[in-house]
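This is what each chain is made of:
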Amino acid sequence: MTVAVQEVWLAEPRGFCAGVDRAIEIVERAIAQFGPPIYVRHEIVHNRHVVEDLRRRGAVFVEDLAEVPPGSVLVFSAHGVSRAVRAEAASRGLRVFDATCPLVTKVHVEVAKLRREGYEFILIGHAGHPEVEGTLGQLDGGIHLVETVDDVARVRPEQTERIAVVTQTTLSVDDTAEILAAVRARFPGLREPKQQDICYATQNRQDAVKGLARQVDVVIVVGSSTSSNTNRLRELAERLGVPTYMVDDASELRDEWFARSPRVGVTAGASAPEALVQGVVQRLKMLGATAVRRMDGPVETMRFPLPKGLKGD
């Protein structure tokens with residue numbers, strides 16, 4: 001088979017966002033400061049390589065706090081947790097460092113505040129995703145999950161005068177806009193966030209893929225299948241008519257993908273390390289690529305502070 005790769009186009013921005021950087025650093029600092037094992041509720045971020053690396057260094061990933069010995073150090077993942085999980089951690093005497101992305105925390109704070117004012121909520125998100133479970137778990141009721149436009153018609157709130165909407169932070173911007181339009185149509189007095197809940201990094205990476213797809217013959221999205229924002233990048237590129245493949249790393253690339261694809265676009269989800277992207281680029285060079293081009297895109301300078309109690313804060 002003749003492989004036709006000539007150029008690699010890199011999306012900008014791509015890969016780690018500020019929330020992921022912070023979450024990984026929290027686990028690394030906790031291991032360094034307190035020594036292994038450090039327990040982490042759920043995968044700290046949805047990337048297989050990141051999780052395996054931290055596991056080798058002494059992180060133990062659990063879904064049930066019953067697996068955590070009393071008095072241990074526990075890190076909440078970047079996706080956030082319910083009030084019940086926080087209460088259980090406190091009751092077990094665990095020393096907790098919260099790696100919840102501050103943009104997810106913003107949603108939790110908004111939900112709690114408006115619920116006290118008598119609001120019910122429409123939550124746009126994917127059932128079963130840990131971020132959604134955490135947001136649903138901020139309240140004992142009055143929050144209704146919708147995944148599609150059709151779901152909006154099925155919502156049965158106790159009242160319709162005070163309805164607010166929040167979203168999972170890693171959704172497709174375009175798909176969410178369609179669902180949000182249906183929510184607005186059904187609840188004309190809808191209260192919306194002052195700033196959209198979909199995070200800046202998700203928006204930027206999706207915008208970058210839209211530009212990338214216009215320039216290339218095939219798109220490679222680096223990231224794990226469990227990552228919501230990574231899956232949204234793959235779906236977006238496919239919707240734009242470009243053959244698209246999602247890979248954990250360069251070992252999953254297949255020569256036949258590039259048989260008639262001289263220009264290959266590469267991006268990465270917000271939880272995928274840049275080293276994995278560079279591994280893909282090196283593999284594409286081995287397949288014949290002689291030029292690597294970087295797309296223009298915004299420079300992300302966002303940084304989030306670490307929790308108190310970790311050295312270096």
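Look above for the structure.
Residues numbered from 1 in each chain as written. Predicted model: local features only at pLDDT ≥ 70, side-chain atom pairs only at ≥ 80, totals over all residues. Heavy atoms only, no water.

Peer 1: It is not clear to me how the pairing of strand 4 (residues 73-76) should be interpreted in this structure. Could you clarify?
Peer 2: Two faces make up the sheet, and in a regular strand the side chains alternate between them. The alternating pattern of strand 4 places V73 and V75 on one face and L74 and F76 on the opposite face, and all of these are buried. Bridge analysis of strand 2 (residues 38-41) against strand 4 gives 3 bridges, and the strand direction is parallel. Counterpart to Y39 in the pairing with strand 4 is L74. Crossover connection from strand 4 via helix 3 (residues 83-91) to parallel strand 5 (residues 95-98): handedness right-handed. (Buried < 20%, exposed > 50% of the residue type's maximum accessible area, 1.4 Å probe, protein only. Helix = DSSP H or I, 4+ residues; strand = E, 2+ residues; numbered from the N terminus. Pairing = 2+ DSSP bridges. Right-handed = clockwise from strand over helix to strand, strands pointing away.)

Peer 1: Is there a simple way to think about the state of the cysteines in this case?
Peer 2: Here a disulfide denotes a covalent bond joining the sulfur atom of one cysteine to the sulfur atom of another. Here the structure, examined in full by the defined rule, presents 0 disulfides. C101 forms no disulfide, and the closest cysteine sulfur to it belongs to C17, at a distance of 6.1 Å. Residue C101 is classed as buried on the basis of its relative accessible area of 12%. (Disulfide = S-S within 2.5 Å.)

Peer 1: Help me out: how do you make sense of the sheet that holds strand 7 (residues 143-146) in this one?
Peer 2: Working definition: the strands of a sheet are paired by backbone hydrogen bonds and lie parallel or antiparallel to each other. Across the sheet, 3 strands lie side by side as 7-6-8; this open sheet has parallel pairing. The two strands at the open ends of the sheet, each matched to only one other strand, are strand 7 and strand 8 (163-167). Put simply, the sheet's adjacent strands are angled 25° from each other on average, direction ignored. When strand 6 (residues 120-124) meets strand 8, the two strands line up parallel, connected through 5 bridges. Bridge pairing links I124 to T167 in strand 8. Helix 4 (residues 102-116) rests against strand 6 and strand 8 of the sheet, and its axis sits at about 155° to strand 6. Lying on the sheet, helix 7 (residues 173-186) is in contact with strand 6, strand 7 and strand 8; it crosses strand 6 at an angle near 155°. (Axes fitted to C-alpha atoms, helices over the stretch in contact; angles between N-to-C directions. Contact = heavy atoms within 4.5 Å.)

Peer 1: Which parts of the structure should I look at to understand the packing of aromatic side chains?
Peer 2: Each aromatic ring pair is summarised here by two numbers: the centre-to-centre distance and the angle between the ring planes. The tally for this structure, following the rule as stated, stands at 3 aromatic pairs. For the ring pair F34 and F97, a centre distance of 5.7 Å and an interplane angle of 35° mean the geometry is tilted. On the criterion of sequence distance, the pair formed by F34 in helix 1 (residues 18-34) and F97 in strand 5 is long-range, its members being 63 residues apart. In this structure F34 comes out as partly exposed when scored by relative accessible area, which is 31%. The exposure class of F97 is buried, given its relative accessible area of 3%. Considering the side-chain rings of W257 and F258, the 6.2 Å spacing of their centres and the 70° angle between planes classify their relative orientation as edge-to-face. Accessibility assignment for this pair places W257 and F258 in one class, buried. (Phe/Tyr/Trp six-rings, centres within 6.5 Å; stacked < 30°, edge-to-face > 60°.)

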